[in-house]
Amino acid sequence: MQQKTKLFLQALKYSIPHLGKCMQKQHLNHYNFADHYYNRIKLKKYHLTKCLQNKPKISELARNIPSRSFSCKDLQPVKQENEKPLPEDMDAFEKVRTKLETQPQEEYEIINVEVKHGGFVYYQEGCCLVRSKDEEADNDNYEVLFNLEELKLDQPFIDCIRVAPDEKYVAAKIRTEDSEASTCVIIKLSDQPVMEASFPNVSSFEWVKDEEDEDVLFYTFQRNLRCHDVYRATFGDNKRNERFYTEKDPSYFVFLYLTKDSRFLTINIMNKTTSEVWLIDGLSPWDPPVLIQKRIHGVLYYVEHRDDELYILTNVGEPTEFKLMRTAADTPAIMNWDLFFTMKRNTKVIDLDMFKDHCVLFLKHSNLLYVNVIGLADDSVRSLKDGKLVPMTVFHKTDSEDLQKKPLLIHVYGAYGMDLKMNFRPERRVLVDDGWILAYCHVRGGGELGLQWHADGRLTKKLNGLADLEACIKTLHGQGFSQPSLTTLTAFSAGGVLAGALCNSNPELLRAVTLEAPFLDVLNTMMDTTLPLTLEELEEWGNPSSDEKHKNYIKRYCPYQNIKPQHYPSVHITAYENDERVPLKGIVSYTEKLKEAISEHAKDTGEGYQAPNIILDIQPGGNHVIEDSHKKITAQIKFLYEELGLDSTSVFEDLKKYLKF
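Within each chain, residues carry numbers counting from 1 in the order of the written sequence. For a predicted model such as this one, the threshold for reporting local features is a pLDDT of at least 70, and the threshold for listing and counting side-chain atom pairs is 80 or more; totals across whole chains, interfaces and linings nevertheless cover every residue. Each side-chain value is worked out from all heavy atoms of the structure, with water and hydrogens disregarded.

As named in an unreviewed UniProt entry, the protein is Prolyl endopeptidase, taken from Cercocebus atys. According to its UniProt record, the protein has this under Function (unreviewed entry): "Serine peptidase whose precise substrate specificity remains unclear. Does not cleave peptides after a arginine or lysine residue. Regulates trans-Golgi network morphology and sorting by regulating the membrane binding of the AP-1 complex. May play a role in the regulation of synaptic vesicle exocytosis." UniProt positions are given in the numbering used here, feature names are shortened, and annotations may be inferred rather than shown by experiment. Of the comments in the UniProt record for the protein, the one headed Subunit (unreviewed entry) reads "Homodimer. Interacts with the AP-1 complex."

Spelled out as structure tokens, the structure:
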């Protein structure tokens, strides 16, 4: 097998006239490999789908698996007393469903990184990187490899682990909750484990073994949120650390990916719409890499390897695109919430007539109801007759009566081709239990319906996402879900663009809004090229500095640019002091301008006008993807209940079941 693969790689190399060398001072020569050597790298979409869905066993190079669960960071997993074993003849689905239904609802699990390699399991225990024998992973018998407190960081935790092929070394990436900066430590495994080296600002990293059986660590270096440099390092007697590749185009970023069979390391060079992949032989990591396909604007592709064949997933060709179906194994189910995404049996279709053509699917389970409703987008160009169907996902209790009088919380994102996250969170569950309706609007700009869904909501089509959001809310109200005086909206990061735009264009649809690290000043941010992400974001928002069409279009929807004296919903904004992705300056400017507009409107309205509350909660720290804190969660829920005039006593009592106050 090894000889066969060697011959395959040699054929791949010699098929190309000149290989570009990815060395520090050498320019990359790009050659269009796929056009002329299509027969050597087989573009088999069916096989790729099958390969990725039916995941092969983890090979000698360990992969991350999110399976170790803690009720909180400092506590051991809670084991149930008198737990009855499940019948042997029960099928797999029934076992999962039964286990979820009997899981205690007081336990809010935090998923930690865990890696299996050889006969050991590597994971974080308290403030230590540890390992235990596979069969003893659930016991207290473990070996401490490294104490994270040695790094002198505030509440550090591990978010990635990689083990060297022969288990001589383990590398772990460590960061804190209030910063995106990560430190990679390399631990030499021996009778007395010791930290061999540490590298700051590491993003992705992978191990390979060279011809001399020496472990080689490839890693990417991130500076000011930009990831352009790839390094390779060895340790022990032959210690070295050298830059292997530097991406010159500031609009691209670089990350490493090891194929699932650990045979090849891929260098992935991407921006929002275009990618380029270089292949490194896992058996000869010092050889020059091989270019798969030079970057072509608008072409995205990813590479996998299996049985001496490369499988390429791309957005071009026939069919133009497809989405891999998720399985229950891909996303761990937690409590009843995620049953809605994995259940294939025992579903019950109900009340279809009341939603007529708008209802796609109902799933009923326990005391929760999941509804997938279609909203009809209408803007100045499209009429209702040929409008776009926009999917929504709605949760509420099945025994709820008079839904029109229930509070409604809308979720939206709609950017970068990313799906709107609907994962389990304790505050969402307690809201449903307290009678709230939760609605997720999968508007254009996201990735729920494929690449075209994203393309229809970016650049000069951003207003489509706003039209979708307005149509979704109006559809919900029209179908009997809540009413404007009880409707709230929540958004995070880029979702703040649509949320802020809706507050300007149709504030009467909402009563209150919560925003977290929101992107609100699109125009000024995209004109400031000194900010770390501006160049990378041009494909999403446009270039107002050089393109007058982009500039004028952004002005039409930018939340900051369109604030005006009118009645607004109450707004609660959570911002982070040193957030590099969404600068605090823009959020503060937005808040001040919004307050001024509200004051001006109040003067014109006269006495008796009740102005909305505008709250800016600035949190310390610099991590844009901030971990959920009890303080933040409780502040947001308190705000929503007060604005709607609801009693929050029971919801905070229920929240204590999930969170340790």
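After presenting the structure, the write-up continues.
Caption draft 1: Examining helix H8 (residues 462-478) more closely. Secondary structure is summarised from DSSP: a helix means a run of H or I of at least four residues, a strand means a run of E of at least two, and numbering begins at the N terminus for each. An expected span of 1.5 Å times one less than the residue number is assigned to each helix. With 17 residues, H8 extends 25 Å from end C-alpha to end C-alpha; this agrees with the ideal 24 Å at 1.5 Å per step. Each residue gets one of three labels from its accessible area relative to the maximum for its type: buried under 20%, exposed over 50%, partly exposed in between, using a 1.4 Å probe on protein chains only. Counting buried positions along H8 yields 14 of 17 residues, so the element is predominantly enclosed. Taken from the residues just after H8, Gly480 is the one with a positive phi, measuring 95 degrees.

Caption draft 2: Local environment of the sheet that holds strand S10 (residues 202-209). On the basis of which strands lie adjacent, the open sheet formed by four strands has the order S10-S11-S12-S13 and antiparallel pairing. Looking at which strands have only one partner, the edges of the open sheet turn out to be S10 and strand S13 (240-246). For this sheet, the mean inter-axis angle between neighbouring strands, taken without regard to orientation, is 25 degrees. Any two strands with at least two DSSP-identified bridges between them are counted as paired. Relative to strand S11 (residues 215-223), S10 runs antiparallel, the two sharing six bridges. Residue pairing in the sheet places Trp207 in a bridge with Leu217 of S11. Angles here are taken between N-to-C directions and fall from 0 to 180 degrees, while the axes themselves are lines fitted to C-alpha atoms, restricted in helices to the stretch in contact.

Caption draft 3: The arrangement of the pairing of strand S27 (residues 570-576) in detail. In terms of burial, S27 is a largely internal element, seven of the seven residues being buried. Where strand S26 (residues 512-516) and S27 come together, five bridges link them in parallel fashion. Considered in S27, the bridge of Thr514 is made with His572. Across six bridges, the pairing between S27 and strand S28 (residues 614-619) is parallel. Within the sheet, the bridge partner assigned to His572 lies in S28 and is Ile615. Handedness of the S27-helix H13 (residues 584-605)-S28 crossover: right-handed. For a crossover, the right-handed case is the one in which the path from the first strand over the helix to the second runs clockwise, viewed with the strands pointing away from the viewer.

Caption draft 4: Up close: the packing of H8 against helix H9 (residues 495-505). The N-to-C vectors of H8 and H9 enclose an angle of 65 degrees; their axes lie 10 Å apart at closest approach. Looking at the two axes, H8 sits roughly perpendicular to H9. Where H8 crosses over H9, the two elements pack in a sense that is right-handed. Contact residues: Lys462, Gly465, Leu466, Leu469, Glu470 and Ile473 in H8; Leu498, Ala501, Leu502 and Ser505 in H9. Residues were grouped as follows: Ala, Val, Leu, Ile, Met, Phe, Trp, Tyr, Cys and Pro as nonpolar; Asp, Glu, Lys and Arg as charged; and all remaining residues, including Gly, as polar. When the residues that make up the contact of H8 with H9 are grouped by side-chain class, the tally is six nonpolar, two polar and two charged. Just so you know how the angles are binned, under 35 degrees is roughly parallel, over 145 roughly antiparallel, 65 to 115 roughly perpendicular, and the rest oblique. Put simply, a crossing is left-handed when the front helix is turned counterclockwise from the back one by less than a right angle, and right-handed when it is turned clockwise. Working rule for contacts: check all heavy atoms of both residues, and any pair within 4.5 Å makes them a contact.

Caption draft 5: Just H13, in detail. With 22 residues, H13 ought to run about 32 Å at 1.5 Å a step, and its terminal C-alpha atoms sit 32 Å apart, in line with that. Of the residues making up H13, those classed as buried are Leu584, Gly586, Ile587, Tyr590, Thr591, Leu594, Ala597, Ile598 and His601. Looking straight down H13, one finds its buried side chains confined to an arc of 155 degrees; they lie on one side. Facing away from the buried side of H13 by more than 90 degrees, the exposed set consists of Lys585, Glu596 and Lys603. Lining the buried residues of H13 we find H9, S27 and S28. At the exit of H13 stands Gly606, carrying a positive phi of roughly 100 degrees. The directions from the helix axis to the C-beta atoms are what the arc is built from.

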